[in-house]
Amino acid sequence: MCFFHNPPFLNLINNFLNIKKDGIYIDCTFGCGSYSINILNNLNKDGRLIAFDYDPKTVFLGKKIINDNRFILINDNFINMNKYIKKFNLYNKINGIIFDLGISSYQLNDSKRGFSFLRNGPLDMRINQNFGFPLSKWLNIVKKKDLYKIIKMYSEEKFSKKIANKIILYRKLKYLNTTLDLCKIINLVIKFKKKYKNYARIFQAFRIFINNELNNLSKTLEISYNILANKGRLVVISFHSLEDRIVKNFIKKKSDINNIFLPEIPLTFKEINNFNSIKMINLGKFKPSYLDIKNNRKIRSAILRVSEKI
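These remarks concern the structure in this document. Note that the coordinates shown come from a computational prediction; the quantities given were computed from them, not determined experimentally.

Before going further, it helps to spend a moment on the packing of helix 11 (residues 213-227) against helix 12 (residues 241-255). Running from N to C, helix 11 and helix 12 cross one another at 25°; their axes reach a closest spacing of 10 Å. Compared by their axis directions, helix 11 and helix 12 come out roughly parallel. The two elements helix 11 and helix 12 cross, and the hand of that crossing is right-handed. Contacts between helix 11 and helix 12 involve Glu213, Leu214, Leu217, Ser218, Leu221, Glu222 and Tyr225 from the former and Leu242, Glu243, Ile246, Val247, Phe250, Lys253 and Lys254 from the latter.

This is how it looks when you write it as structure tokens:
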């Protein structure tokens, strides 16, 4: 288990979240627990932390390791956090929310999950294996045009059409069932010696699709804004351009005065309120330092964005 590992920006999270000793915080992606531990270490006895993780195995281990009456760890998708905030009567009382959107090392290293092209195992890729269906089931029934669309949309891979065609041909001969099967198909299309980025993009695309990750992120960012207190901070760490684009556009929409429509004068009271509708301050975009990347190459693509509700 990878609890207490060294994720990106860990030493800076206190400043990014502007942690108050008695504040209330949410870790939307508990994962290996490092951010939650860091937040708890900076809260006093009146502070509270709520964490979410959709993976029941992660939650089971997390509850064993972190025993703290200021802390609640919930086994649910973060898109459902609104109902818990209402249940705990914490609406507009949350001082900070953090998302670390990367897949955890614990999940990648488990061959039974099917997340990694480096380990042969069932082609599953579900964060929570109690719900939905494994990727293998979908790959063996999907239509070619839909398959191509998903690969292209979520991987931005230039060989998307060829890979989709090869998957359709492969499954006519053999049920596509393992990560090795998918790697063999990619090998038939991509002839470069160094093709790790291609593998990573395609596996990542299927994981995003099977878990509905981008749609969930878009909806949850809106929920996050609604539950934050005044001056509450939103911190999001993404690892690929599709996620980062969603976060960037969300912050821009909430913070950019140029997005506000200027009506004709004279203005009504309603139009004046709309004009004064900037809702967040964009506090910046950050990347790992050279030293951080040297210590952990897996975080080299990480991008952190910070905003504050006003």
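Attention shifts here to the sheet that holds strand 2 (residues 48-52). If you walk across this open sheet you meet the 7 strands as 3-2-1-4-5-7-6, and the pairing is mixed. The open sheet is flanked by strand 3 (71-74) and strand 6 (280-286), the only strands paired with a single partner. Taking the axes of each pair of neighbouring strands and ignoring which way they run, one obtains an average angle of 15° across the sheet. Across 6 bridges, strand 5 (residues 228-238) lies against strand 7 (residues 303-309) in antiparallel orientation. When the sheet's bridge partners are listed, Val235 is paired in strand 7 with Val306. Sheet strands touched by helix 11: strand 1 (24-27), strand 4 (94-100), strand 5, strand 6 and strand 7. Its angle to strand 5, the strand with the most contacts, is close to 155°.

Each pocket or cavity is described by its volume, and for the second largest pocket that value is around 170 Å³. What lines the second largest pocket is Tyr54, Asn77, Arg126, Asn128, Phe131, Gly132, Phe133, Ile210, Asn211, Asn212 and Asn216. The class makeup of the residues in the lining of the second largest pocket is 4 nonpolar, 6 polar and 1 charged.

What follows is about the state of the cysteines. Per the counting criterion, the structure on display carries 0 disulfides. Between Cys28, a free cysteine, and Cys32, which holds the nearest cysteine sulfur, the sulfur-to-sulfur gap is 16 Å. The exposure class of Cys28 is buried, given its relative accessible area of 2%.

What follows is about empty space enclosed by the protein. What the rule picks out here adds up to 1 cavity of 30 Å³ or more. Taken as a whole, the largest cavity spans an internal volume of roughly 40 Å³. Lining the largest cavity are Leu17, Asn18, Lys20, Asn95, Asn230, Lys231, Gly232 and Arg233. Ranked by residues supplied to the lining of the largest cavity, first place goes to strand 5 with 4 residues. Of the residues assigned to the lining of the largest cavity, the class counts are 1 nonpolar, 4 polar and 3 charged.

This brings us to the packing of aromatic side chains. As enumerated under the stated definition, the model contains 11 aromatic pairs in all. Their ring planes at 75° and their centres at 6.4 Å tell us that Phe9 and Phe16 sit as a pair that is edge-to-face. Measuring from ring centre to ring centre gives 5.1 Å for Phe117 and Tyr199, while their planes differ by 20°; the resulting arrangement is stacked. Of this pair, Phe117 sits in the loop between helix 5 (105-108) and helix 6 (135-139) while Tyr199 sits in helix 10 (residues 196-210), and the two are 82 residues apart along the sequence. Tyr199 gets classed as buried once you look at its relative accessible area, which sits at 9%. Counting every residue linked through ring pairs, the aromatic cluster contains Phe117, Tyr196, Tyr199 and Phe203. A cation over a ring is seen here: Lys161 above Tyr148, with NZ or CZ 5.2 Å from the ring centre.

What counts, and where the lines are drawn
- Residues numbered from 1 in each chain as written.
- Predicted model: local features only at pLDDT ≥ 70, side-chain atom pairs only at ≥ 80, totals over all residues.
- Heavy atoms only, no water.
- Axes fitted to C-alpha atoms, helices over the stretch in contact; angles between N-to-C directions.
- Helix = DSSP H or I, 4+ residues; strand = E, 2+ residues; numbered from the N terminus.
- Parallel < 35°, antiparallel > 145°, perpendicular 65-115°, else oblique.
- Left-handed = near helix turned anticlockwise from the far one by under 90°.
- Contact = heavy atoms within 4.5 Å.
- Pairing = 2+ DSSP bridges.
- 1 Å grid on protein atoms, 1.4 Å probe; cavity = no way out; pocket = protein on both sides within 12 Å on 5 of 7 lines; lining within 4 Å.
- Points joined across faces, edges and corners; volume = space filled by probe spheres on them.
- Nonpolar A, V, L, I, M, F, W, Y, C, P; charged D, E, K, R; others polar.
- Disulfide = S-S within 2.5 Å.
- Buried < 20%, exposed > 50% of the residue type's maximum accessible area, 1.4 Å probe, protein only.
- Phe/Tyr/Trp six-rings, centres within 6.5 Å; stacked < 30°, edge-to-face > 60°.
- Lys NZ or Arg CZ within 6 Å of the ring centre and 35° of its normal.

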